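Read off the chains here:
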Amino acid sequence: MLHVSEISDGFGYDISVGRADESLHIEVKTTKRRGRLSVYLSRNEFEVMRADPCWRLVAVLLGETGQLAAVGTVDRNWIAQSVPTDSSAYGRWESVRLDVPRSAVSPGIADVQHWVRPGVTAYLLQVGFSCSGEPQWLNPPQAGG
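Here's a quick rundown of the structure. The structure presented is a predicted model; accordingly, all values stated were derived computationally and were not measured.

Taken together, five strands build an open sheet; the order of strands is E1-E2-E4-E5-E7 and the sheet is mixed. Single-partner strands in this sheet number two, and they are strand E1 (15-18) and strand E7 (105-107). Taken pair by pair, the neighbouring strands of this sheet meet at an average axis angle of 40°, ignoring direction.

What follows is the structure in structure tokens.
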């Protein structure tokens with residue numbers, strides 16, 4: 001695993017994981033907000049997504065104390081259909097906020113099973129939420145909790 005965003009923001013993703021013959025390029029967006037997922041995507045991240053079939057947008061839900069609570073992959077086709085189009089040769093979008101519906105998020109990280117060892121972390125990355133099953137991805141918080 002290589003944290004490429006520590007080297008440069010120009011890659012269009014944060015993490016590269018894999019082997020010489022295959023890899024994933026993961027753009028990570030984190031939130032503590034339950035019930036709604038809003039992410040900001042740069043033009044560069046979008047252009048890399050369009051050109052790189054290994055690119056994944058992974059949303060990470062953090063718990064109250066910052067612990068990993070849920071992981072999901074945002075559908076790249078949904079992203080492609082949701083970004084704005086440039087309507088003039090004199091201007092173009094450089095960043096966009098996407099309000100991602102629950103239907104566009106798949107639990108876990110797509111295609112990660114090749115690179116994780118068995119255990120709790122592997123379960124979370126593949127299934128998308130903690131072993132206890134709470135919190136479910138994008139469910140609003142329980143009343144009184």
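So much for the structure itself; the text now carries on.
With that settled, consider the pattern of salt bridges. Per the stated rule, a full pass over the model turns up seven salt bridges. A salt bridge links Glu27 to Lys29; its shortest N-O distance comes to 3.1 Å. Neither residue differs from the other here; Glu27 and Lys29 are each classed as buried. Glu47 is the partner of Arg50 in a salt bridge, and the nearest nitrogen-oxygen pair spans 3.8 Å. You can see Arg50 and its partner Glu47 sitting in helix H1 (residues 43-51), three residues apart, about one turn around the helix. Residue classification places Arg50 among the exposed residues on the basis of a relative accessible area of 56%. The partly exposed category is assigned to Glu47, whose relative accessible area is 29%. A single network of salt bridges, built from pairs that share partners, joins Arg43, Glu47, Arg50 and Asp86.

Thresholds applied
Residues numbered from 1 in each chain as written. Predicted model: local features only at pLDDT ≥ 70, side-chain atom pairs only at ≥ 80, totals over all residues. Heavy atoms only, no water. Pairing = 2+ DSSP bridges. Helix = DSSP H or I, 4+ residues; strand = E, 2+ residues; numbered from the N terminus. Axes fitted to C-alpha atoms, helices over the stretch in contact; angles between N-to-C directions. Salt bridge = Lys/Arg side-chain N within 4 Å of Asp/Glu carboxyl O. Buried < 20%, exposed > 50% of the residue type's maximum accessible area, 1.4 Å probe, protein only.

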